[in-house]
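These are the residues of each chain, in order.
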Amino acid sequence: LYLSYLWLFIWSIRPLSLLYSLKTGITHKVFITNQYIKLKNNQIGIIGVGYWGTNIVNVLQKIGVNNICCYDKISNNLKEIKNKFPKVKIENNYERFLTYNHDGIIIAVDTNSHFQIAKDCLNKGFNIFVEKPVTNSAKKLKFLTKLARSKNLFIMGGYIYFYNDYIKYIKK
C-alpha cells in the first residue's frame with residue numbers, strides 16, 4: 001500500500017478535512033474523511049501548466065498517476081510541460097479538453113480566472129481542485145459551493161500550509 005498526501009482541504013463539503021491519494025496496485029482512490037471517490041479512468045486533467053501546474057504534474061507522477069492531460073491557453077507552456085514530462089497528454093483547445101473523461105480536474109491558473117473555469121468544470125460534471133485562493137470573493141465561492149452540492153460534486157481548495165510547522169506551533 002502506497003500512501004501519500006497532498007496538502008489540501010475541502011472547502012465546501014467537508015471543511016478542513018484532508019484529501020488523501022491512495023494507490024493500491026492499479027486502483028486509485030481519493031479518500032475524503034469517510035468517503036471515497038473511485039478514479040474510473042485514472043485520468044486527471046490540469047488546467048494551467050505554468051510554474052505551479054508543472055509542480056503539480058511532477059507530484060502526480062510521483063504518486064503514480066500515469067494518465068495526466070494538460071490544458072493551457074499559452075502554447076509555450078504546453079510545449080515545456082511535454083518536454084519535461086513526455087508521457088502527459090496535452091490539449092490546446094479548452095472546449096475539447098472539457099469533453100475528455102477526466103476523473104477530476106486541477107485548476108492552477110491566475111485567481112481571476114478561477115471562478116469561470118471552476119464553474120465550467122462543475123457544469124461539465126467534474127470534481128475539481130482549485131489552487132488557493134479558490135475565488136477572489138466570498139459570493140463567488142458560495143455560488144461554486146451551491147453548484148457543486150447541486151451536482152453532487154466536490155470542490156476542493158489548496159492550502160499548502162495546513163501542516164506547516166509554524167501552523168502546528170500556533171495551534172498549540
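Computed from a predicted model, the values in this text were never measured in an experiment. (Residues numbered from 1 in each chain as written. Predicted model: local features only at pLDDT ≥ 70, side-chain atom pairs only at ≥ 80, totals over all residues. Heavy atoms only, no water.)

### A closer look at the pattern of salt bridges
- In this structure the tally under the stated criterion is one salt bridge.
- Between arginine 96 and glutamate 91 there is a salt bridge whose closest N-O contact spans 3.1 Å.
- We classify arginine 96 as partly exposed; its relative accessible area is 41%. (Salt bridge = Lys/Arg side-chain N within 4 Å of Asp/Glu carboxyl O. Buried < 20%, exposed > 50% of the residue type's maximum accessible area, 1.4 Å probe, protein only.)

### Notes on the pairing of strand β8 (residues 104-107)
- Neither face of β8 is left uncovered, since the one carrying Gly104 and Ile106 and the one carrying Ile105 and Ile107 both have all their residues buried.
- The sheet contact formed by strand β5 (residues 43-47) and β8 spans four bridges and is parallel. The residue bridging glycine 45 from the neighbouring strand is isoleucine 105, located in β8.
- Here β8 pairs with strand β9 (residues 127-130) via four bridges, running parallel. (Helix = DSSP H or I, 4+ residues; strand = E, 2+ residues; numbered from the N terminus. Pairing = 2+ DSSP bridges.)

### Looking at the pairing of β9
- Burial along β9 is two-sided: Asn127 and Phe129 facing one way and Ile128 and Val130 facing the other are all buried.
- Crossover β8 to β9 through helix α4 (residues 111-123) is right-handed.
- Handedness of the crossover is the feature at issue here: the chain leaves β9, passes through helix α5 (residues 138-150), returns alongside strand β10 (residues 155-158), and the resulting connection is right-handed. (Right-handed = clockwise from strand over helix to strand, strands pointing away.)

### A closer look at the nonpolar core
- Ile47, Ile105, Ile107, Cys121 and Ile128 are the most contacted members of the largest nonpolar core, which has 22 residues in total.
- Counting only elements with at least two residues in this core, the list comes to β6 (67-71), α3 (94-97), β8, α4, β9 and α5.
- Ignoring sequence-local partners within four residues, the contact set of isoleucine 47 consists of Tyr71, Tyr94, Phe97, Ile105, Ile106, Ile107, Ala108, Val109, Ile117 and Cys121.
- Membership of the second largest hydrophobic core comes to 19 residues, among which are Leu60, Ile63, Cys70 and Ile106. (Core = buried A, V, L, I, M, F, W, Y, C linked by side-chain atoms within 4.5 Å. Contact = heavy atoms within 4.5 Å.)

### Some thoughts on the packing of α4 against α5
- Between α4 and α5, the least distance of the axes is 10 Å, while the angle of their chain directions is 10°. Comparing their axes, α5 and α4 come out roughly parallel. Contacts from Phe115, Ala118, Lys119, Leu122 and Asn123 in α4 reach Lys140, Phe143, Leu144, Leu147 and Ala148 in α5. (Axes fitted to C-alpha atoms, helices over the stretch in contact; angles between N-to-C directions. Parallel < 35°, antiparallel > 145°, perpendicular 65-115°, else oblique.)

### Description of the confidence of the model for the chain
- Of all residues in the chain, 69% attain a pLDDT of 70 or more, and the chain-wide mean is 76.
- Of the regions scoring below 50 in pLDDT, residues 1-36 engages in 97 contacts with residues more than four places distant in sequence or in other chains. (pLDDT = per-residue confidence, 0-100.)

### Here we look at unusual backbone geometry
- Geometrically, the link from lysine 132 to proline 133 is a cis peptide bond, its omega value of -15° lying close to zero.
- Unusually for a residue other than glycine, asparagine 152 sits at a positive phi of about 55°.
- With respect to the secondary-structure elements, asparagine 152 resides in the loop between α5 and β10.

### Here we look at the packing of aromatic side chains
- Taken as a whole, this structure holds five aromatic pairs when the rule is applied.
- On the basis of an interplanar angle of 40° and a centroid distance of 6.1 Å, the ring pair of tyrosine 51 and tryptophan 52 is categorised as tilted.
- Given a relative accessible area of 34%, tryptophan 52 falls into the partly exposed group.
- On the numbers, 5.4 Å between centres and 50° between planes, the contact of tyrosine 71 with tyrosine 94 is tilted. Of the two residues, tyrosine 71 is situated in strand β6 and tyrosine 94 in helix α3; the sequence distance between them amounts to 23 residues.
- Residue classification places tyrosine 71 among the buried residues on the basis of a relative accessible area of 11%.
- Feature note: the residues Tyr71, Tyr94, Phe97 and Tyr100 constitute an aromatic cluster, connected by ring pairs. (Phe/Tyr/Trp six-rings, centres within 6.5 Å; stacked < 30°, edge-to-face > 60°.)

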